[in-house]
Amino acid sequence: MQAAPPVRATAIPSFTDALRAVESLLMSSGQRTARRNAWTSVLEDRRRAKDRVEAQRVLEQTATAMRLRAPAATESPRG
């Protein structure tokens, strides 16, 4: 009876790892840098858009609060 050969455990790369490996083979470093910069720009644009939405909400709330505190235009002054 022969002994079973030793079992080697090799990690199977994830799909993302495989894509990154192919990308590194096919694209030069300049293209990778450009893609990374483009993605960073997308993330920054999303952050600015979120900030604009928040600022608009605060301005609308402030305007509503100011209207509620201001005296009504139809009231006549006493005295």
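Everything here concerns the structure above.
Description of the structure in this document.

Definitions and cut-offs
- Residues numbered from 1 in each chain as written.
- Predicted model: local features only at pLDDT ≥ 70, side-chain atom pairs only at ≥ 80, totals over all residues.
- Heavy atoms only, no water.
- Helix = DSSP H or I, 4+ residues; strand = E, 2+ residues; numbered from the N terminus.
- Buried < 20%, exposed > 50% of the residue type's maximum accessible area, 1.4 Å probe, protein only.
- Areas by Shrake-Rupley, 256 points an atom, 1.4 Å probe, with all protein chains shown as cover.
- Patch = residues over 30% accessible without salt bridge, like charges linked within 9 Å, V, L, I, M, F, W, Y side chains within 5 Å.
- Salt bridge = Lys/Arg side-chain N within 4 Å of Asp/Glu carboxyl O.
- Contact = heavy atoms within 4.5 Å.

### Re the overall build of the protein chain
Looking only at helices and strands, the protein chain features two helices and zero strands. With 79 residues in all, the protein chain has 1% of them scored as buried. Split by element, the accessible area of the protein chain, about 7,900 Å² in all, is 60% carbon and sulfur.

### Here's the deal with a nonpolar patch on the surface
A cluster of nonpolar side chains, contributed by V22, L25 and L26, occupies part of the molecular surface with about 360 Å² of accessible area. Checked against the element boundaries, L26 lands in helix α1 (residues 15-26). By relative accessible area, which is 68% here, L26 ends up exposed.

### Description of the pattern of salt bridges
Here the structure, examined in full by the defined rule, presents five salt bridges. Two residues, R47 and D51, come together in a salt bridge whose shortest N-O distance is 2.6 Å. In this pair, R47 and D51 both sit in helix α2 (residues 29-69), four residues apart, roughly one turn of the helix. The salt bridge partner of R57 is E54, with a shortest N-O separation of 2.5 Å. Of this pair, R57 and E54 both sit in helix α2, three residues apart, roughly one helical turn. For R57, a relative accessible area of 37% puts it in the partly exposed group. Classification of E54 by relative accessible area gives partly exposed; the value is 39%. The network of salt bridges with shared partners includes E44, D45, R47, R48 and D51.

### Description of the environment of M27
Tracing the sequence through the fold places M27 in the loop between α1 and α2. In this structure M27 comes out as buried when scored by relative accessible area, which is 17%. The contact partners of M27, leaving out residues within four places of it in the chain, are R32 and R35.

Take it as geometry only, folks, not as evidence of what the structure does.
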